[in-house]
Amino acid sequence: MRLRGYPGDVLILGVFLLPVIVTAPGLPWGSQGWLYSVAEMVGVLALSAFLVAGMLSARIPGTDRWFGGLVRVWTMHRWLGFSAFMLVMVHVLLLAFATLPFSISRSIETLFPPLSQWEVWAGWAAFVTLLIFIAPTLGFFGTLHYQHWKRLHLLSVPTLVLALIHTLMLASVAWVWWLLSALALAAIAWRKVLSPRLARKPYVVEEVDTLVRDVVELRLRPRGKGIRWQAGQFVYLSPMDRSLAAGYGEEHPYTIASASGDDELRIGIKAVGDATRALVNIKPGAEVRIEGPYGTFFETTGFGVPGSGSQEPQRKQLWLAGGIGITPFVSGAREKMTSTDAGRDACLFYLANRPERAYYLDELVRIAEACDTFAVHAHYMNENGVITRDYLARHCPDFAEREVYLCGPPGMIAHLRALLRHEGVPANRIHTEAFDFL
Ligand SMILES: Cc1cc2nc3c(=O)[nH]c(=O)nc-3n(C[C@H](O)[C@H](O)[C@H](O)COP(=O)(O)OP(=O)(O)OC[C@H]3O[C@@H](n4cnc5c(N)ncnc54)[C@H](O)[C@@H]3O)c2cc1C
């Protein structure tokens, strides 16, 4: 996650801390021992983290820019969910320790009182449901299929209700919990119920261009008003074709490969699993739904995109792509051809195992021949081995001075990031897009 701040971070921090600010003064600090009050505060923070994580699941197109892009929002969502889980455990442990000096039986009874104290048992039930749906995310019991994982995540709603009951019965101030819970539930309702109906736009598949055996480019035309996007952004695509072998109505993220001014939405898709293997066989005339755009890959500061008025100095760019990670750069290169502003100088290294796997390369070379501000170099692993500093320097002598954009498999990103850092490129000049962030 990038460490630089975004306007939305202030909002998140404010909402996260609101329950502490509101409830802390009303606590009977020390009446049951200081540790007990700290345990209560940790419980407040746990629910607060959980509710903010819920709010961040809203995914309203355009709003992710306030937080540094959707990938960063998901990262924060995950961290907050994980923090809630850890804080709940600390809350329980502190309650046990805070009452231990009185007697062991008091400590046990604080955690496991008679069933008549059902507000405490509601807390335990919330913890169990939280544990069930968060376990696969943390990698306990192996990894689940993505769609099963997503369905299991709906347990967050009963978790929220049970945690709210637990807290409302014990808290001195109620309104703050009603407010935050309403916001979290509204976010989940938007995401699960309303956005599939209101935010997804119908598009028709006009053409399916096969780039190589398992990679196609879909050309999509909107039915009615389509979306507007910037180079490097991505959308969620849901195929509405029942004849597909899998993935009907399922939403999956894909980067837009067309230039921002294009009438058509072009999306390059590589078959890796059930849904993508089915999608590469979709036929012209089929309907898909598009939600977005999301992401800020090419953004360098605040709200600017290269070639469209970024606030950064005009630093040259280094683009490093591997495999299907070429798609944001295809969009960036096409942008240079369609826009009146060819943008900043960009040097693209396209990393592929062998020449047959360098799909899009012919078009990229044509763009480079026609455009002064764009150069492309293909690097083949089977011929040149792993890409080195010398290879980069040979084709782009000032590579370490440039703003760097990286997209590809995790191994490639890790290797290149280490190489660039070793060459003195500061971390805040290296921008990455993860295609496997969940
Ligand atoms: C920001 C972003 C941009 C992407 N752009 C492209 C692109 O331009 N072209 C392309 O071919 N692929 C792209 N992907 C990857 C693509 O979304 C996955 O390959 C696809 O969702 C896999 O689905 P599957 O059922 O075929 O495979 P599975 O075997 O089910 O999944 C393979 C992996 O893909 C991820 N994944 C699966 N389903 C989803 C989902 N609904 N939402 C998020 N992640 C999921 C998970 O990490 C999973 O482990 C992008 C991913 C992200 C996050």
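None of these values were measured; they are calculated from a predicted model.

Calculation rules
Residues numbered from 1 in each chain as written. Predicted model: local features only at pLDDT ≥ 70, side-chain atom pairs only at ≥ 80, totals over all residues. Heavy atoms only, no water. Helix = DSSP H or I, 4+ residues; strand = E, 2+ residues; numbered from the N terminus. Contact = heavy atoms within 4.5 Å. Areas by Shrake-Rupley, 256 points an atom, 1.4 Å probe, with all protein chains shown as cover. Lys, Arg positive; Asp, Glu negative; His and termini not counted. Charge placed at Lys NZ, Arg CZ, Asp CG, Glu CD. Salt bridge = Lys/Arg side-chain N within 4 Å of Asp/Glu carboxyl O. Buried < 20%, exposed > 50% of the residue type's maximum accessible area, 1.4 Å probe, protein only. Pairing = 2+ DSSP bridges. Axes fitted to C-alpha atoms, helices over the stretch in contact; angles between N-to-C directions. Core = buried A, V, L, I, M, F, W, Y, C linked by side-chain atoms within 4.5 Å. Domains from an automatic or database assignment. Buried area = accessible area lost by both parts, 1.4 Å probe. Polar contact = N/O pair within 3.5 Å; in protein donor to acceptor, adjacent residues only side chain to side chain. Parallel < 35°, antiparallel > 145°, perpendicular 65-115°, else oblique. Left-handed = near helix turned anticlockwise from the far one by under 90°. Nonpolar A, V, L, I, M, F, W, Y, C, P; charged D, E, K, R; others polar. Right-handed = clockwise from strand over helix to strand, strands pointing away.

Points about the overall build of the protein chain
Scanning the protein chain from N- to C-terminus turns up 14 helices and 11 strands. For the protein chain, the C-alpha atoms occupy an extent of roughly 80 × 50 × 40 Å along the three principal directions. Sequence separation of at least 24 residues holds for 72% of the intrachain contacts in the protein chain that already meet a minimum separation of 6. Accessible area for the protein chain stands at about 20200 Å²; split by element, carbon and sulfur atoms hold 62% of it. On the protein chain, the mean spot of the 40 positive side-chain charges and the mean spot of the 37 negative ones are 3 Å from each other.

Observations regarding the pattern of salt bridges
By the definition in use, this model includes 26 salt bridges. Residue Arg266 is joined to Glu217 by a salt bridge in which the shortest nitrogen-to-oxygen separation is 3.3 Å. With Arg266 in strand S5 (residues 265-270) and Glu217 in strand S2 (residues 215-222), this pair connects stretches of sequence that are 49 residues apart. Per residue, the accessibility class of Arg266 equals that of Glu217, and both read buried. The partner of Arg223 in a salt bridge is Glu287, and the shortest N-O contact between them spans 2.3 Å.

Some remarks on the pairing of strand S7 (residues 317-322)
Taking burial as the measure, the 6 residues of S7 include 6 buried ones, the bulk of the element. The two faces of S7 match: Gln317, Trp319 and Ala321 on one face and Leu318, Leu320 and Gly322 on the other face are all buried. Pairing geometry for S7 and strand S8 (residues 346-352), over 6 bridges, is parallel. Paired with Leu318 across the bridge in S8 is Cys347. Relative to strand S10 (residues 403-407), S7 runs parallel, the two being bridged by 5 bridges. Its bridge partner lying in S10, Leu320 is registered against Leu406.

Structural notes on the sheet that holds S10
Pairing within the open sheet is parallel, and its 5 strands lie in the order S9-S8-S7-S10-S11. The open sheet has two free edges, formed respectively by strand S9 (374-380) and strand S11 (430-433), since each of these has just one partner strand. For this sheet, the mean angle separating the axes of adjacent strands, direction not counted, is 15°. Relative to S10, helix H14 (residues 410-422) is tilted by about 160°, and along the sheet it contacts S7, S8, S10 and S11.

Considering the nonpolar core
Among the nonpolar cores identified, the biggest contains 40 residues, and Phe50, Leu51, Leu70, Leu130 and Trp177 are the most heavily contacted of them. Tallying contributions element by element places helix H2 (residues 34-55) first for this core, with 10 residues. Formed jointly, this core draws a minimum of three residues from each of two domains, domain 1 (7-195) and domain 2 (200-294). Once residues lying within four places of it in the same chain are set aside, the contact partners of Trp177 are Pro19, Thr23, Val44, Leu47, Ser48, Leu51, Leu164, Thr167, Leu168 and Ala171. With 30 residues, the next largest nonpolar core counts Val215, Ile324, Val330 and Leu361 among its residues.

Regarding the domain arrangement of the protein chain
Domain boundaries in the protein chain define domain 1 (7-195), domain 2 (200-294) and domain 3 (317-433). Here the C-alpha centroids of domain 2 and domain 3 sit 24 Å apart. Between domain 2 and domain 3, the contact holds 19 residues from the first and 14 residues from the second. Across the interface of domain 2 and domain 3, roughly 1300 Å² is buried in total on both sides, 53% from carbon and sulfur atoms. Connecting domain 2 to domain 3 are 2 salt bridges. In this structure, Arg357 and Asp214 form a salt bridge, with 3.0 Å as the shortest nitrogen-oxygen distance. Across the domain 2-domain 3 interface, the total number found is 7 residue pairs in polar contact (both at pLDDT 80 or more).

A word on the packing of helix H1 (residues 7-23) against H2
Between H1 and H2, the least distance of the axes is 9 Å, while the angle of their chain directions is 150°. Judged by the inter-axis angle, H1 sits roughly antiparallel to H2. For the pair H1 and H2, the crossing hand works out as right-handed. Here H1 contributes Ile12, Val15, Phe16, Pro19, Val20 and Thr23 to the contact with H2, which in turn contributes Met41, Val44, Leu45, Ser48, Ala49, Val52 and Met55. Among the residues making up the contact of H1 with H2, the classes are represented as 11 nonpolar, 2 polar and no charged.

What about the pairing of S10?
The element S10 is largely enclosed, with a buried count of 5 among its 5 residues. Pairing of S10 with S11 involves 4 bridges; the strand directions are parallel. In the strand pairing of S11, Leu406 is matched with Thr432. With H14 bridging S10 and the parallel S11, this β-α-β connection has right-handed handedness.

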